Every structure is written in structure tokens, then in C-alpha cells.
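Working through the structure, step by step
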Amino acid sequence: MSKVEQTLSIIKPDAVERNLIEEIKSIFLKNNLIIKEDKKIQITKEEAAEFYKIHQSKPFYDALCSYLSSGPIVVMVLEGENAVSKNRKLMGATDPKNADENTIRKLYGISIDKNSVHGSDSIENAKQEINFFFKS
Ligand code: UDP
Ligand code: MG
């Protein structure tokens, strides 16, 4: 069963810094995901901590929040059939070393922390994350 969904995508600081915004967007577009919303911003560490609060008990939480707030990011709402799982598939595994060929993280990720993109992992989290960045 396929259905039209929305998901949140973030191009992380390591990829923005390396001018990979258009390359990454083109992967979404080629795979029939429409970019419904799109903005380049820099968030504070406090905002990053709120966004990633699901990970607050993890050993990498503080570094993760520092990292996401360390430079400009691009936040996007992607829309299309099965957008949540499709985006996760296009991103590849969290650690670029384990990511499949031709996924964004395999192509562009540097390391498990500098892995170039974020993507919502469920429809419920996608709604929350879209609302976090694009309050209507
Ligand atoms: N992360 C990290 N070290 C780890 C696991 C995760 O730095 O051992 C970072 C990584 O950048 C990842 C983010 O924390 O993208 C969120 O982790 P999650 O498990 O949700 O991975 P994702 O959903 O991004 O694949
Ligand atoms: Mg995640």
C-alpha cells in the first residue's frame, strides 16, 4: 500500500559546508519526492537539544546537539508516496561505513556523527519534526 506522506529532512552542517545542498536535493527530486518547504537556518544548541530530546540519555547527545547547531543547516519538508521510508532508504544507514551504495550517507557522509542528513523515522515523528521547524 502506498500513500502520500510528508517527512522532515535536514541537510546537516558538514554537507552544507561542502556545498552539497543541490546534489542532495536532486536525489530527492529524482526519486519523486517534492520539496514542499525549504529553508536554510542556524539553530541554537538549546533548539538542537529540544529537537533531539529523544536521544537525551545517549552518550553522544551533547556532541550531537553541539554539532547540529555548529553551522547552517537546510530543513525541508519532503512529500511523496511513502515519503518517510523512502527518505530513510535514500539516506542509508546511520554510519556511512554501513550505508548501501548510492545512498546519501554512502556518497557524502564522513562519519557516524557527520553523516550529512537527518530524516524522520516514523509518520508520527515526521509530524512532530515538521511542526518543530514549520509551525503553521
Ligand atoms: N549519532 C552519533 N553517534 C552514534 C549514534 C548516532 O553521533 O553512535 C548521531 C548521528 O549523527 C545520527 C544522530 O545521532 O544521525 C541520531 O541518531 P539516530 O540513531 O536517530 O540515527 P539516524 O536516525 O540519524 O539514522
Ligand atoms: Mg533518528
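Let me begin by describing the structure that accompanies this report. Computed from a predicted structure; not experimentally measured.

Thoughts on the pattern of salt bridges
What the rule picks out here adds up to 8 salt bridges. Of the charged contacts in the structure, one is a salt bridge between Lys 25 and Asp 38, with a shortest N-O distance of 2.8 Å. A residue pair is termed long-range when its members are at least 10 positions apart, and Lys 25 in helix 2 (residues 21-30) and Asp 38 in strand 2 (residues 34-41) qualify at 13 residues. In this structure Lys 25 comes out as buried when scored by relative accessible area, which is 11%. With its nearest N and O atoms 4.0 Å apart, the salt bridge here joins Lys 36 to Glu 79. Taken together, the residues span a long stretch of sequence, with Lys 36 in strand 2 and Glu 79 in strand 3 (residues 73-81) at a distance of 43 residues.

Section: the site of ligand 1
In the vicinity of ligand 1, the contacting residues are Lys 12, His 55, Phe 60, Leu 64, Arg 88, Thr 94, Arg 105, Ile 112, Asp 113 and Asn 115. In this structure, Thr 94 approaches ligand 1 through a side-chain N or O atom, which is 2.6 Å from an oxygen atom. Between Asn 115 and ligand 1, the recorded distance is 2.9 Å, taken from a side-chain N or O atom to an oxygen atom. Of the residues contributing to the shell around ligand 1, the split by class is 3 nonpolar, 3 polar and 4 charged.

A word on the environment of Ser 70
Within the secondary structure, Ser 70 is located in the loop between helix 4 (61-68) and strand 3. Judged by relative accessible area, Ser 70 falls into the partly exposed class, the value being 48%. Sequence-wise, Ser 70 and Asp 14 are 56 residues apart; in three dimensions their C-alpha atoms are separated by 9.4 Å. Setting aside chain neighbours within four positions, we find Ser 70 in contact with Pro 13 and Gln 42. Reaching out from Ser 70, the side chain makes a polar contact with the backbone oxygen of Tyr 67 at a distance of 2.6 Å.

Topic: the nonpolar core
By size, the foremost hydrophobic cluster in this structure holds 18 residues, and its most contacted members are Ile 11, Ile 24, Phe 28 and Ile 104. Elements that contribute at least two residues to this core include exactly helix 1 (13-17), helix 2, strand 3, helix 5 (83-91) and helix 6 (104-108). Looking at this core, the element that brings in the most residues is helix 2, giving 4 residues. When residues no more than four places from it in sequence are discounted, the contact partners of Ile 104 are Ile 24, Ile 27, Phe 28, Leu 90, Met 91, Gly 109 and Val 117. If you look at the next biggest cluster of nonpolar residues, it comprises 16 residues, including Tyr 52, Val 75, Ile 130 and Phe 134.

Conventions we followed
- Residues numbered from 1 in each chain as written.
- Chains lettered and ligands numbered in written order.
- Predicted model: local features only at pLDDT ≥ 70, side-chain atom pairs only at ≥ 80, totals over all residues.
- Heavy atoms only, no water.
- Salt bridge = Lys/Arg side-chain N within 4 Å of Asp/Glu carboxyl O.
- Helix = DSSP H or I, 4+ residues; strand = E, 2+ residues; numbered from the N terminus.
- Buried < 20%, exposed > 50% of the residue type's maximum accessible area, 1.4 Å probe, protein only.
- Near = heavy atom within 4 Å.
- Polar contact = N/O pair within 3.5 Å; in protein donor to acceptor, adjacent residues only side chain to side chain.
- Nonpolar A, V, L, I, M, F, W, Y, C, P; charged D, E, K, R; others polar.
- Contact = heavy atoms within 4.5 Å.
- Core = buried A, V, L, I, M, F, W, Y, C linked by side-chain atoms within 4.5 Å.

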